[in-house]
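# Structural overview
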Amino acid sequence: MLTSKDTVGQQQQARQNGVIPTSIWSGFHKKALRERQNQLRLVYPALFNSSLGIINKNGTTHVSAKQPKSPTSLSSLTPNDSTASLAGLAIESIEESPVFPVTGLDEKVADNMIENCIGTMGLPVGLALNFIINGAPTVIPMVVEEPSVVAAVSGAAKTISSSAGGFLASTSTRNIIFAQVLLLDVADIPSSVATIESRKAVLIDVANSFVPNMVARGGGVVDISVRVPTRKVERPRKVNEVRISASPFDGASSSSWLVVHLHLDVCDAMGANAASTVAEGVAPVLAEWVRGRVGLRIVSNLCVERLAKSSFKIPIAKLAYKSFTGRQVAARIIEAAEWAQDDPFRAATHNKGIMNGIDAVAVATGQDWRAIEASAHAWAAGCAQSADTPQYRPLTHYWVESNDGVLDETSDDGLYFCGEMEMPISVGTKGGVLKTNPVYKYTLGMMGNPDSKTLAMAMISVGLAQNFAALRALTTEGIQKGHMSLHARNIAIAAGAPAHAINECVAYMVESNRVNQSVAREYLVAHEIHSTLINQETLNTDPTKHPPRAPSTFYIEIANQPSQQQQQQITEPITLNVAFETLGHKPVHLSLSALSPPSDLYTQLFQARFDYTWISSTFSVLDKIELSTVPEFPARSNRGLVKKLKVLSVLINMLGRSMNAQWPGETRRLVDKIVKRATVRGRVDAGFEKRVGITNVLPPLPLVGDARGKTVSSTAAATTTRGFDALQVGRPLLLALWQVFELRVLQWVGHELLAQTLLETQLEVLKALTEVDTLYRSGHRSSPLANQVTAAAASTANIQSDDTTLSSSEDDTDDEPLTIGKKDAVATAVQPPEDADEVIKDLHIIIHKQSRRFQTALFLLCDASSHDPNLLTPPRLRLLKSLGDLMAWEQMCAHDISKSRLARDIAALVYSSSSSVASDDNGTLLELEYAIKDGNAFLYWLTRTIGQESINKILAAALASLGSTDATTIRVAAWLHNNDGEYSETSEISRNNVLAAVLQLDLHTVFKTEIAGFLSVSSKEGALVKTIQEEAALEIFNKDTLLGITRLYRGYYGVDEFFLK
């Protein structure tokens, strides 16, 4: 089993505390197929490691059970290790994964299994989740073509496991099956019975001589019994039927049968072949003892000494379902079960539903499902049981019990709904065909390689859960609502719907209440969406570098606002559960929801401001600007997918932004490798790397300081154990978020060019987040902001340099502050611009670079995936992407003049210009460097047009005009007015003092003229409006929505007053 028994108690305690428990299987059914397969590789690294493949440098692929070692394993790193490669994710060697190993049988193997083989047939393999059996969480594979079976059994198991702690299951002490020997033409049956019973020990020894290996394993024949069933002489005859006899005694036959049962303990085998071997071996001996003739020698599939039982006990209040109370559900289920007890016509269907589940597990695990079926129905008919009047009955039983045996009509306290099922189950986990078909290695492996008793207990629990689910649905809302939605999927597939169109085809059939192939074809033809999805491959890890660990998870749940068409509907929350590789010593489970406050680790990875309130408000804004079509072009039924793509993109942005602030070198290398991987695998076009500026991967960086001793890395946070632990979580999580985004786009966006554009745009955003100082390294004019920060850093590290230009040597990396001569830093900052045109040119370069971090274009493209694919022509998609880029430009301008942003960055600017920055103020230097990496375009404009000295004096005058009596504010105003930072009474000014003083000002009023000048040379409002209003290619979209996007962002940043009305 993968998880400990403590999981049950932990989850129950979490629910009592109002916290959503995080399970690696939460939301599994909502994931893409490849996403589920990737998760299984994480959950079972030892099981699926042989399926890894590696792309060599020459582009060829080979599969190997032994993977080559990458340079470094992250799992073995300590905070003092100086490496930056993501070796733990095997990203150095760019691994690929071929076909997932749970797949069809090889034809060569099949040809040797049966006669006249002509091929193989495939069936879906699903996982039944949420099972807790005897305290152990259990994943159970199922092979079944009927829809709703896996979903129903998983839902029932969730109810039982979360409300009652799961199933209690048991089996017979030994795995006994019967080898039958029929003895005929016996003259004296009573005497023969006595003879056999008296020689039981001898017969057991003879029988065990035929199965020595089984005896060595602790099994073999352990008992003998003799049965004498009545033999009917008169039987119904067909017309013209005549009777013949195999007996040499003139056609005479006895009135009884003489049958010998050899009780064979088969250990963990199914045992049919062993039983037949024993029966055939001892038959001649028995015939000689009774002086009779040998009849059939065969195994019996009615294995009444190999029973399995499962039960559950749920507080009746926990049984509430849909609009029904727990007591109502219990009464209705018991009523339905009683009907099946009295009516064999209903009992047959009742038991068929049970076998839906049991047979599916049997097929998935290589069992003889036909033998299990036969035994089940014989047991249901009362065979080998002490029934007064044998009748076919249901295999399950339900009842309600109370603590004191008394029913309180006014309260459900102390009342429990109980379910139980018992039947013979003969299964094996050794021998048989289990080694013939390699798939069984994986299906049994996912169950933890159970013994035969554990497998039988799992199967009986599945049968009970299946029946409980069926009765609960039948007695409440009926099965059609859920069953037909799932059945419609099969209809859509049969009608030829491609994978990306199945969901909307199903929605169309269900909404129209017409579920058949003609309706499905009608939909597909009308929308012409017969395109096929890009073949996809998944990212993989190299488990040979790490001991198997349970994967970590990130669970997020966001309230889902209904669209305008769904105002009267109750919408489910948006949930995602992303599994990712565990690089630390134990898995971590992060969550973001209204019920669970962010953990310290979450806060470090995503920053404190990116909490549930922030992301909820963000999606509230996004809902208001959802790109809709005009009525003539209705949208597809995939709004849920679109929202999840947006959630993933926002999470990628949040995490990438935060990681880059803390570990820029590490983050940049990871992002560069993700881009390289996407290019190698054909997800983006071949020129994408060059367009986004991917260069050779930088060498690993020390986490403490470089060997030259010149400077302190800005990633000093990684030197602490806490920082290193967060980095170990952040890197695989960022990779996993990208991977999930990629897989969902590939599987569910039914438009090849749109899918590629979405992936490229997301990678552009991610790459833009990690670009640090590339503008200035590329030979553009030095930024005064960069000069001031690096001057302070140089002062701190006591660096001496006569060069007043930014260093661009090969040794420089984005983890190190760029160095500049201390003596000229302030002078450079206050110089007026040499050429106004050059200033505007550089300003536009800054805005272009920084605006790429915004996701406006990406959100427009996500919304476009809900539109008719036939309308998304290449020119229209290019225009939509360009329009999104233009909106991001405007958003960047609005963002940089928002009051909160201005206060933070102006405080950083004026404080860094002072030579009195404390030499040990590492926190300030990090904050200043972060501000520069964020790149405030307005501050660049301000410093290049009016200069640093003017900025300081404007701020000083504004603070003085407040008439504040606060001593600190007065000191900051004097300090700013003095401008050189050496004023004796203000030399103790801190960064926080400056920020607190600046926050008192209405900076929009203070710099109103400068902001207007900035927008006059930077805003592209006119071009944006003209494009939306005049471009014919945008006619399918709601132009009011497009026009409202930038207006909404400006309102969000509080800068409406500065833009065109």
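Cut-offs used in this document
Residues numbered from 1 in each chain as written. Predicted model: local features only at pLDDT ≥ 70, side-chain atom pairs only at ≥ 80, totals over all residues. Heavy atoms only, no water. UniProt positions renumbered as here; feature names shortened; annotations may be inferred. pLDDT = per-residue confidence, 0-100. Contact = heavy atoms within 4.5 Å. Buried < 20%, exposed > 50% of the residue type's maximum accessible area, 1.4 Å probe, protein only. Helix = DSSP H or I, 4+ residues; strand = E, 2+ residues; numbered from the N terminus. Pairing = 2+ DSSP bridges. Lys, Arg positive; Asp, Glu negative; His and termini not counted. Salt bridge = Lys/Arg side-chain N within 4 Å of Asp/Glu carboxyl O. Axes fitted to C-alpha atoms, helices over the stretch in contact; angles between N-to-C directions. Parallel < 35°, antiparallel > 145°, perpendicular 65-115°, else oblique. Left-handed = near helix turned anticlockwise from the far one by under 90°. Nonpolar A, V, L, I, M, F, W, Y, C, P; charged D, E, K, R; others polar.

Going by what an unreviewed UniProt entry lists, the protein is known as 3-hydroxy-3-methylglutaryl coenzyme A reductase and is assigned to Physocladia obscura. Reading the Subcellular location (unreviewed entry) entry of the UniProt record for the protein gives the comment "Endoplasmic reticulum membrane". Taken directly from UniProt, the Sequence similarities (unreviewed entry) text for the protein runs: "Belongs to the HMG-CoA reductase family."

Quick look at the confidence of the model for the protein now. With 74% of its residues at a pLDDT of 70 or more, the protein has an overall mean of 76. Low pLDDT (under 50) marks residues 527–543, which in the prediction has 70 contacts with non-local residues, meaning those over four places away or in another chain. Predicted confidence for residues 565–570 stays below pLDDT 50, and this span has four contacts to residues more than four positions away or in other chains.

The next point concerns the pairing of strand 4 (residues 125–133). In terms of burial, strand 4 is a largely internal element, seven of the nine residues being buried. Bridging between strand 4 and strand 5 (residues 136–143) involves seven bridges; their strand directions are antiparallel. Each residue of the ladder has a partner; that of leucine 127, found in strand 5, is proline 141. Connecting strand 4 to the next strand, strand 5, in antiparallel fashion are two residues, including asparagine 134 with a positive phi near 55°.

What follows covers the side chain of aspartate 359. Following the sequence through the fold, aspartate 359 ends up in helix 11 (residues 344–364). Of the side chains with opposite charge, lysine 352 comes closest to the buried, unpaired aspartate 359, at an N-O distance of 8.7 Å.

Ordered by their spatial adjacency, four strands build an open sheet running 8-9-7-10, and the pairing between neighbours is antiparallel. With partners counted over all chains shown, the strands left at the sheet margins are strand 8 (220–227) and strand 10 (293–300), one partner each. In this sheet, neighbouring strand axes are inclined to one another by 20° on average, regardless of whether the strands run parallel or antiparallel. Where strand 7 (residues 176–184) lies against strand 9 (residues 258–265), eight bridges are found, and the strand directions are antiparallel. When the sheet's bridge partners are listed, phenylalanine 178 is paired in strand 9 with histidine 263. Across the face of the sheet, helix 7 (residues 200–208) comes into contact with strand 8 and strand 9 while running at roughly 130° to strand 8. The strands touched by helix 9 (residues 272–290) within the sheet are strand 7, strand 8, strand 9 and strand 10, with strand 7 carrying the most contacts at an inclination of about 35°.

One way to put it is that helix 24 (residues 752–769) packs onto helix 30 (residues 874–896) with a least axis distance of 11 Å and a crossing angle of 20°. Considering the angle they form, helix 24 stands roughly parallel to helix 30. For the element pair helix 24 and helix 30, the recorded crossing hand is right-handed. Here Leu753, Leu754, Thr761 and Glu764 of helix 24 lie close against helix 30, whose contacting residues are Pro874, Leu877 and Lys881. Per-class residue counts for the contact of helix 24 with helix 30 are four nonpolar, one polar and two charged.

Quick look at the pattern of salt bridges now. According to the stated counting rule, one finds 21 salt bridges in the structure shown. Close ionic contact of arginine 683 with glutamate 742 constitutes a salt bridge, the shortest N to O distance being 3.0 Å. Taken together, the positions of arginine 683 in the loop between helix 21 (664–680) and helix 22 (688–692) and glutamate 742 in helix 23 (residues 721–748) put the pair 59 residues apart, joining distant regions of the chain. Judged on exposure class, the residue arginine 683 and its partner glutamate 742 are both buried. Across the pair lysine 899 and aspartate 1002 runs a salt bridge whose closest N-O atoms are separated by 3.3 Å. Taken together, the residues span a long stretch of sequence, with lysine 899 in helix 31 (residues 899–912) and aspartate 1002 in the loop between helix 36 (991–998) and helix 37 (1003–1006) at a distance of 103 residues. Overall, the relative accessible area of 41% leaves lysine 899 in the partly exposed class. Connected through salt bridges with shared partners, the residues Asp896, Arg901, Arg904 and Asp905 form a single ionic network.

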